[in-house]
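Reading the structure
For reference, the chains in residue letters:
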Amino acid sequence: MITVNGHEISEKEFNMACNDFCARLNIKKLSSAQFDAILNQLIDARLMIEQAKTENITAEPSQIDKILTKIKANFKSREHFLDVLQKEGDTEETLREKIADDLLLKQYIDAHFGKLTEEDEAQIKTYYEENKNLFKKDVQVEASHILFDKNDREKATKVREEILNGMNFADAAKKYSKCPSGENGGNLGYFGRGQMVSEFEKAAFSAPLGVITQPVKSQFGYHLILVTDKTDSKISTFDEIKNELTEHFRQSKITYEIGKNSEELRKKFEVKIDDVILGKKRKDYVAAEKNA
C-alpha cells in the first residue's frame, strides 16, 4: 500500500493504526484530517527509522529480548503466544523486527529532537508569567467518609454517636463502611468541586474542620463525612508547575521538529503510495462530510 525507501507499510498496519485511533477517541469514523494525520504519522515514523539505519543507530538484542519477554509473560504458554501471533499474521521473528523498529524510532527521536535551550527555558517562564490564571488551583478539601446503605440512616446516626463518644473515625469506617475506602479508614484524599456527587460535595465544602456531619443522603446511600483539611484557592508557583510546563513545551517542540525533519527526509527517501488502495481505505474509514 505504501513503501518508504523500499520498506512496505502494509494494509494491515494501516488498518491497525486507524482502528486504534478510533478506539482511543471512541469514534466509529475518522475525519479527513484525522485520516491524513494517521497516514503521515506512519510515513514519518518509517522515514525516521530508515534515517536511523543510515546513522548506524541500532537496537541492542538484549533490549529486544527484554521487551519480548514482557510480552510473552501475558500469555498462558509459548504455544498460546505463537498461536495468537499466527492468527495476527505474524511470527516471533516479525515481532522482533517490529520491536527493533520501535527502539530505533525512540532512539532517533531522543537523539535529534526536543533539546531545550536557554532561550526555550526563558520562553517557558515568560509563558507562565503571562498566563498565571491558567494555573489557578481551586479550593480543595481533604475528607474521610463512612458509607451506609440507602435504608440505613438510623444506623448512620448511631455510628455517629459511637464516634462522638470516643470511637476512632477510621476504625468505624473499617468496621461499618460499604465503600472500598473503608479499608483505608474512609480516607478519600483531596478533591475539588465537581468531583463528587452534589449532595456529598455540598456537605463536604460547608462542613467545619474536624466536625462529623449528620448523615448525608446521596444516590449511593448515607454518608458520615469528616473534613480534615481545606486548602485556599491559589495560583501554582512557577517551581510547582515548571516540570509539567517544560515537558509540554518539549513535546510540542518535538512535534514541530519532526515535521520539519520529515520534509527533508521525504526528499532523501522515496515514498510511494498506491492511490487506488488508499482511496478505498478513505471510503472505509472516513465519515461522509457535508458540504459547507
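Our structure is the block above this text.
Analysis parameters
Residues numbered from 1 in each chain as written. Predicted model: local features only at pLDDT ≥ 70, side-chain atom pairs only at ≥ 80, totals over all residues. Heavy atoms only, no water. Core = buried A, V, L, I, M, F, W, Y, C linked by side-chain atoms within 4.5 Å. Buried < 20%, exposed > 50% of the residue type's maximum accessible area, 1.4 Å probe, protein only. Helix = DSSP H or I, 4+ residues; strand = E, 2+ residues; numbered from the N terminus. Polar contact = N/O pair within 3.5 Å; in protein donor to acceptor, adjacent residues only side chain to side chain. Pairing = 2+ DSSP bridges. Axes fitted to C-alpha atoms, helices over the stretch in contact; angles between N-to-C directions. Contact = heavy atoms within 4.5 Å. Parallel < 35°, antiparallel > 145°, perpendicular 65-115°, else oblique. Left-handed = near helix turned anticlockwise from the far one by under 90°. Nonpolar A, V, L, I, M, F, W, Y, C, P; charged D, E, K, R; others polar.

Another aspect to go through is the nonpolar core. In this structure, Phe14, Leu30 and Met48 are the most contacted members of the largest nonpolar core, which totals 32 residues. Taken together, the elements giving at least two residues each to this core come down to strand S1 (2–4), helix H1 (11–25), helix H2 (32–54), helix H5 (92–112), helix H10 (238–268) and helix H11 (275–285). Formed by 13 residues, the second largest nonpolar core is a distinct cluster that contains Ile146, Ala156, Phe169 and Ile212.

A few words now on the environment of Glu247. Summarising the element assignment, Glu247 is placed in helix H10. A distance of 3.2 Å separates a polar atom in the side chain of Glu247 from a polar atom in the side chain of Arg250. Of the polar contacts made by the side chain of Glu247, one reaches the side chain of Gln251; its length is 2.7 Å.

Here four strands make up an open sheet; going across it, the order is S5-S4-S7-S6 and the pairing antiparallel. On the outer flanks of this sheet lie strand S5 (187–192) and strand S6 (216–218), each paired with one strand and no other. This sheet shows a mean twist of 45 degrees between the axes of neighbouring strands, independent of strand direction. Pairing between strand S4 (residues 140–148) and strand S7 (residues 221–231): nine bridges, direction antiparallel. By the bridge assignment for S7, Leu147 is matched with His223. Its contacts with the sheet place helix H9 (residues 198–206) against S4, S5, S6 and S7, and it is angled at close to 40 degrees to S7.

Another point: the packing of H1 against H11. Where H1 contacts H11, the axes come no closer than 12 Å and their chain directions differ by 25 degrees. By the criterion of interaxial angle, the relationship of H1 to H11 is roughly parallel. Taken as a pair, H1 and H11 cross one another with a handedness that is right-handed. Contact residues: H1 offers Glu11, Phe14, Asn15, Cys18 and Asn19, while H11 offers Ile277, Leu278, Lys281 and Tyr285. Along the lines of polarity and charge, the residues of the contact of H1 with H11 split into five nonpolar, two polar and two charged.

As far as function goes, none of this settles anything; it's purely spatial.
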